[in-house]
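# Understanding the architecture of this molecule
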Amino acid sequence: MAIEYYKGYTNIVQIHNNLIEAHYKFSREQQLIMLQVAKTLQENDIYNKNEDTLVTYQANELLELLNIGDKRTLRGVVKSLQRCIMSFENFDESWEADVNVFSRGRYFAGGHVEIKIDELMLPFFKKLNDHYTKLNLKEIVSFKSQYSIRIYELARQLQFIKEPYKKEKIYTIDEFQKMVGSEYKQWIHIRDKVLEVAKQEINDNTRVYFDYEPIESYKKGQTRGRKGVNEVKIIMNIKGHYQPKLL
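What comes next is a walk through the structure. Note that the coordinates shown come from a computational prediction; the quantities given were computed from them, not determined experimentally.

## Digging into a positive patch on the surface
A cluster of like positive charges, contributed by Arg-72, Arg-75, Lys-79 and Arg-83, occupies part of the molecular surface. Within the secondary structure, Arg-83 sits in the loop between helix H4 (71-80) and strand E4 (85-90). In this structure Arg-83 comes out as exposed when scored by relative accessible area, which is 63%.

## A few points about the sheet that holds strand E9 (residues 168-172)
Spatial strand order, E9-E11-E10: 3 strands in an open sheet with antiparallel pairing. Single-partner strands in this sheet number two, and they are E9 and strand E10 (208-217). With direction set aside, neighbouring strand axes in the sheet form an average angle of 25°. In this sheet, strand E11 (residues 228-238) lies alongside E10 in antiparallel orientation, the contact comprising 10 bridges. By the bridge assignment, Phe-210 is partnered in E11 with Met-236. Each of E9, E10 and E11 touches helix H6 (residues 146-159); the most contacted strand, E11, lies at about 60° to it.

## Some words on the environment of His-189
For His-189, the position within the fold is in helix H8 (residues 187-205). Its relative accessible area of 30% is what places His-189 among the partly exposed residues. Beyond its immediate sequence surroundings of up to four residues, His-189 is in contact with Tyr-184 and Val-194.

## Considering the pairing of E11
Burial within E11 is extensive, with 8 of its 11 residues counted as buried. Sheet topology places E9 next to E11; 5 bridges connect them, and they run antiparallel. Within the sheet, the bridge partner assigned to Thr-172 lies in E11 and is Glu-231.

## Some words on the packing of helix H2 (residues 28-43) against H4
Between H2 and H4, the shortest axis-to-axis distance is 10 Å and the interhelical angle comes to 70°. As summarised for this structure, H2 and H4 are arranged roughly perpendicular, according to the angle between their axes. The segment H2 lies against H4, with Glu-29, Gln-30 and Ile-33 engaging Leu-74, Val-77, Val-78 and Ser-80. Residues that form the contact of H2 with H4 fall into these classes: 4 nonpolar, 2 polar and 1 charged.

## As for H6
Compared with the 20 Å implied by 1.5 Å per residue over 14 residues, the 21 Å span of H6 between its first and last C-alpha is a close match. Of all 14 residues that make up H6, 12 are buried, and the element is covered over most of its length. Residues of H6 that are buried include every one of Tyr-147, Ser-148, Ile-149, Arg-150, Ile-151, Tyr-152, Glu-153, Leu-154, Ala-155, Arg-156, Gln-157 and Leu-158, and no others. Residue Ser-145 occupies the N-cap position of H6, its side-chain oxygen lying 3.1 Å from the main-chain nitrogen of Tyr-147.

## A few points about the packing of H2 against helix H3 (residues 59-66)
Each pair of packed helices gets described by two things: the angle between the helix axes and the distance between those axes. Their axes nearest at 10 Å, the elements H2 and H3 cross at an angle of 105°. Put simply, H2 runs roughly perpendicular to H3. Two secondary-structure elements touch here, H2 through Arg-28, Leu-32, Ile-33 and Gln-36 and H3 through Leu-62, Leu-65 and Leu-66. The residue makeup of the contact of H2 with H3, split by class, is 5 nonpolar, 1 polar and 1 charged.

The rules we used
- Within each chain, residue numbers correspond to sequence positions counted from 1 in written order.
- Selection of residues for local features in this predicted model requires a pLDDT of at least 70, selection of side-chain atom pairs for listing and counting requires 80 or more, and totals for whole chains, interfaces and linings are taken over all residues.
- Processing note: side-chain calculations cover all non-hydrogen atoms of the structure and skip hydrogens and water entirely.
- The residues that make up patches have over 30% relative accessible area and no salt bridge, and they are joined within 9 Å when like-charged or within 5 Å when they are Val, Leu, Ile, Met, Phe, Trp or Tyr.
- Reported accessibility uses the Shrake-Rupley method at a 1.4 Å probe radius. Residues are deemed covered only where the shown protein chains occlude them.
- Each salt bridge in this description consists of a side-chain nitrogen of Lys or Arg and a carboxyl oxygen of Asp or Glu lying within 4 Å of one another.
- We score Asp and Glu as negative and Lys and Arg as positive, and we do not count His or the chain ends.
- Lysine's charge is taken at NZ, arginine's at CZ, aspartate's at CG and glutamate's at CD.
- Note on conventions: DSSP H or I runs of at least 4 residues are helices, E runs of at least 2 residues are strands, and numbering of each starts at the N terminus.
- Buried residues are those whose accessible area, probed at 1.4 Å on protein chains only, stays under 20% of the maximum for their type, while exposed residues exceed 50% and partly exposed ones sit between those limits.
- Each pair of strands is called paired provided DSSP finds at least two bridges between the two strands.
- To get an axis, a line is fitted to the C-alpha atoms, and for a helix only the part in contact is used. The angle between two axes follows their N-to-C directions and goes from 0 to 180 degrees.
- Contacts are assigned to residue pairs with any non-hydrogen atoms lying within 4.5 Å of each other.
- By the definition adopted for this analysis, an angle is roughly parallel if under 35 degrees, roughly antiparallel if over 145, roughly perpendicular if from 65 to 115, and oblique otherwise.
- For this classification, Asp, Glu, Lys and Arg are treated as charged, while Ala, Val, Leu, Ile, Met, Phe, Trp, Tyr, Cys and Pro are nonpolar and the rest, including Gly, are polar.
- What a helix is expected to span follows from its residue count: subtract one and scale by 1.5 Å.
- Any pair of nitrogen or oxygen atoms within 3.5 Å is treated as a polar contact; in protein, a donor-acceptor pairing is required on top of that, and neighbouring residues in sequence qualify only through side-chain atoms on both sides.

Here is the structure:
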């Protein structure tokens, strides 16, 4: 029996940290649907009851939940879900796996939607222990950029690292782009079209304060000439606990 979405639950969804650092390029709407389905599954406590993982929504409800413009757009997004693939890498063991996130995505003419998460994805939404990050879906739906969602997740992940005051993390530019789904060749485009857009949307619409710092260095084997931006530092804090330096 399919699980139906009911109003009145929390805005919080829990996601495994490995999912946050996975490599994928989803649209804003595809990301929002994945998070909404995960939240619905968690709220229905299906894992202890061995119930089906098929979730149904009324189309109008899903439009409202995810702030998607119209049913035509929603129908196209739902039809695209079975093409959503994530890549997981383990550099220590030198393996990579590609996983289809959704095993079903159907939009019915009667006005309802059926979505099913692939069973291989369930460990990222259940039995999370200490390896998860809490996200506020109400804050996320305010974003217009798909990059803002991914960077918001990376920033929120820092909040739940156990070491006190550890609110920064450095990524190589290549790793960062794989995680957020961008493919720009030049730092100026990454800065302007990804990071600056995310910074404005996150800082204007959430309780999170997000910032970043480019880290310049020589490329491997380079000893002379101009250094390039090869890493980026992600900085996160909760508003009211951090005051950025005034220039």
